[in-house]
Amino acid sequence: MKALRAISLHKHLLGPTNRRLASNPFHISSQSIQYPNFSRQFYRRFGSEAPSLSFEAPNGGKDSSPDGKSPKIWTVYDPLSGRMSTQKVGPGGGGGEEFEAETQKGLSGFEDGDEETSEQRTYGSVKKAKPGVTERVNFGDIVGYKKKTKKIKTCWVCSSCGYTDGQWWGMCRSCDAQGTMREFSEGDAIVGGGGSKINGSGVLEKAGTWLPKPEDQVLPMRLKDVKRGVSHPDWRISLPGLFGEEVGRVLGGGLVPGSLVLVGGDPGIGKSTLVLQIAALIAEGCDLGGAAPVLYVSGEESVEQIGSRADRMNIGTEELFLYPSTDIQDIVNKAQLMSPRALIIDSIQTVYLNDVTGSPGGLTQVKECTSALLRFAKKTNIPVLLIGHVTKSGEIAGPRALEHIVDAVLYLEGEKCSSHRLLRSVKNRFGSTDELGVFEMSQLGLQAVLNPSEMFLSEEYLGSDVLAGLAIAVTMDGSRSFLIEIQALCVPGGSTISRQVNGIQASRADMIISVLTKQAGLKLEGNSIFLNVVSGITLTETAGDLAVAVAICSSFLEFPIPNNIAFIGEIGLAGELRSVPRMDKRIHTVAKLGYKRCVIPKSAEKSLGVSAYEEMETVACKNLKEIINKVFLIR
């Protein structure tokens, strides 16, 4: 545009034969430029020097060559192509191409290889477009071509769930999380359905190729050849001692080589203490032919803290190695070189993979790290134990994201006000999920409880002869039976009648009270009834119905029940007693704890062996009326 203004300002300098320039400012002829000063001013705007072209117009458009018959050369700007074009008019026409190249060089003031002209161009530059260069014409400020750049593929990935989208959204459209979408370009490590990244072609590649690979090719095997030469009694890693027997019972008989076990629980419940004791038993190898190294990887505590805990628990094995690290690739490389008997990760929320996006502890990182450890365990036949924290909603490391990956899931439970801990198996591919381990937290760590029923019975009841409103029920948890205490309190009428139930389903308690009112003839309508299960546990099975009914009768009739009687049975709507599963196991536990009598349904008497319970009397009853007549008449 500056060039156009310069042409309009110098219009009075042009001769009468050059009116064509005034009508077409883009049209420049050899006759139109009459004065060298204007020529230098015009071309200086587009180059560092005046072009090496000499035009002479005062002779009426004739060239200064000897023959005087040189053709007229016209330079015209073509808005469609965005560059200057030249034409020859008159004698000797047809040589415009050679002159065009010279004109382009002279008008631009730069060489073809000049870097400045390759980046930008203003009016007057007639440089030819190069291959691979895109031309762009803007009639506002006449912008020339610029270099074509390679388009980089980008995507947006949710750091919480790994959802990938082609554009940014304010929230993840998969998990509805706010502010978790992160931008990733070509070559950046992202998560695409399981630890993948974008390669140079824009294709997602699977991560985890650094994991150890078997040297020989794996071929299909016959089922009978899989366990050939394997001794089943020696297949599992046994854990000796009372503590080891409790843990081994929950695991199904011991730790299976190549398995991935997840130990979960609330913060501070004792997960690290439990796993450290297991690591010490495995490292000692009393039943495995000698000691062997066990690698304990800590991502939360320092090795000094773990060493202090081991000293307090009198753990002095020399084959237990501690290693502080949070990089899964580094941990796997160290474990592969050491070849330990077991690998322990404390905890899964602190480790990470470099090829996976998100911070340690996120859902994507936790899933990918667990999958990598699972592949390591299966390829090396080394058992791996993971520690996972329980979230506020009571789940392990997110919404149960790891339970489908691991082989076994163990939960360590316990009340804050109690020193007892319960170890349950929620998932177990190598054993039953009905087993339960009972421990007590002490200064030396977790100690196995020989008589678990003691934790559910009150000391006052054990020391007294009789106490009204108390009854003993026998419940099963897995393959173990427990004796729990049921408390009931009936308060005669008043202004308000209420019912408070703790540890028993409210609907179940209402049904038992209604059956006692209808079938047993007790006038409970005008009484406020309170029910409670000692030690804060919840009664979930129907085997405790009889004990609840007897406790209510004892409080209503103000007739105490002797402390050497236990009750087992389910109550029907007609007031009849029904049998429950594993009656022999329950009665055997009652007899072993020193009880003298056990009230059971009449239908279960025939299936029991009398010789096994010679020291204990079994009282069989058909319905609630018969129980009231027999139990509350005992002196």
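Refer to the preceding data block for the structure.
The structure presented is a predicted model; accordingly, all values stated were derived computationally and were not measured. (Residues numbered from 1 in each chain as written. Predicted model: local features only at pLDDT ≥ 70, side-chain atom pairs only at ≥ 80, totals over all residues. Heavy atoms only, no water.)

Another point: the pattern of salt bridges. Inspection of the entire model under this criterion finds 17 salt bridges. With a shortest N-O distance of 2.5 Å, D545 and R508 are connected by a salt bridge. Pair noted here: D545 is in helix α14 (residues 545–557) and R508 is in helix α13 (residues 506–518), with a separation of 37 residues, a long-range link. The partner of K602 in a salt bridge is E605, with the nearest N and O atoms 3.4 Å apart. Residue K602 is classed as partly exposed on the basis of its relative accessible area of 39%. (Salt bridge = Lys/Arg side-chain N within 4 Å of Asp/Glu carboxyl O. Helix = DSSP H or I, 4+ residues; strand = E, 2+ residues; numbered from the N terminus. Buried < 20%, exposed > 50% of the residue type's maximum accessible area, 1.4 Å probe, protein only.)

Take the nonpolar core next. With 49 residues, the main nonpolar core has I486, L516, I552, F567 and V599 as its most contacted residues. Residues lining this core come from more than one domain, with at least three contributed by each of domain 1 (242–448) and domain 2 (470–633). In this structure I552 touches A488, C490, I513, L516, L524 and L531, once residues within four positions along its chain are discounted. I237, V250, L251 and L423 belong to the second-largest nonpolar core, a separate cluster that totals 36 residues. (Core = buried A, V, L, I, M, F, W, Y, C linked by side-chain atoms within 4.5 Å. Domains from an automatic or database assignment. Contact = heavy atoms within 4.5 Å.)

What the largest pocket holds in volume is close to 650 Å³. Lining the largest pocket are 29 residues, with E413, L422, R424, F456 and I537 sitting closest to its centre. Looking at the lining of the largest pocket, the elements that each hand over two or more residues are β16 (408–413), β17 (420–428), β21 (470–477) and β22 (480–491). By residue class, the composition of the lining of the largest pocket is 13 nonpolar, 10 polar and six charged. (1 Å grid on protein atoms, 1.4 Å probe; cavity = no way out; pocket = protein on both sides within 12 Å on 5 of 7 lines; lining within 4 Å. Points joined across faces, edges and corners; volume = space filled by probe spheres on them. Nonpolar A, V, L, I, M, F, W, Y, C, P; charged D, E, K, R; others polar.)

A separate point is helix α15 (residues 583–592). For α15, the full list of buried residues reads M583, R586, I587, T589 and V590. Taken around the axis of α15, the buried residues stretch over an arc of 155 degrees, which confines them to a single face. Looking one or two places after α15, you find G594, whose phi comes out positive at around 90 degrees. (Arc of directions from axis to C-beta.)

A cluster of nonpolar residues, M221, L223 and V226, forms a patch on the protein surface that exposes about 360 Å² of accessible area. Note that V226 resides in helix α6 (residues 223–226). (Patch = residues over 30% accessible without salt bridge, like charges linked within 9 Å, V, L, I, M, F, W, Y side chains within 5 Å. Areas by Shrake-Rupley, 256 points an atom, 1.4 Å probe, with all protein chains shown as cover.)

What follows covers the sheet that holds strand β19 (residues 445–448). Strands sit in the order β13-β12-β14-β15-β11-β16-β17-β18-β19 across an open sheet of nine strands; the sheet is mixed. Across the chains shown, the open sheet's two edge strands, defined by having one partner strand only, are β13 (320–324) and β19. Neighbour to neighbour, the strand axes of the sheet diverge by 25 degrees on average, direction disregarded. Judged from the five bridges that link them, β17 and strand β18 (residues 436–442) form a sheet pairing that is antiparallel. Bridged to R421 within β18 is F439. (Pairing = 2+ DSSP bridges. Axes fitted to C-alpha atoms, helices over the stretch in contact; angles between N-to-C directions.)

Below, the discussion takes up the side chain of R586. Looking at the secondary structure, you find R586 in helix α15. When its relative accessible area of 2% is taken as the criterion, R586 is described as buried. For R586, the side chain forms a polar contact with the main-chain oxygen of P581, separated by 2.9 Å. Ignoring any residue separated from it by four or fewer positions in sequence, one finds R586 in contact with V474, T475, M476, S481, E541, A543, I568, V580 and P581. (Polar contact = N/O pair within 3.5 Å; in protein donor to acceptor, adjacent residues only side chain to side chain.)

With their axes 10 Å apart at the nearest point, α13 and α14 run at an angle of 55 degrees to one another. Regarding the angle of α13 to α14, the classification is oblique. α13 and α14 meet at a crossing whose hand is right-handed. For the pair α13 and α14, contact is made by R508, I512, I513 and L516 and by D545, V548, A549, I552 and C553, respectively. When its residues are assigned to classes, the contact of α13 with α14 shows seven nonpolar, no polar and two charged. (Parallel < 35°, antiparallel > 145°, perpendicular 65-115°, else oblique. Left-handed = near helix turned anticlockwise from the far one by under 90°.)

Read these as geometric descriptors, not functional statements.
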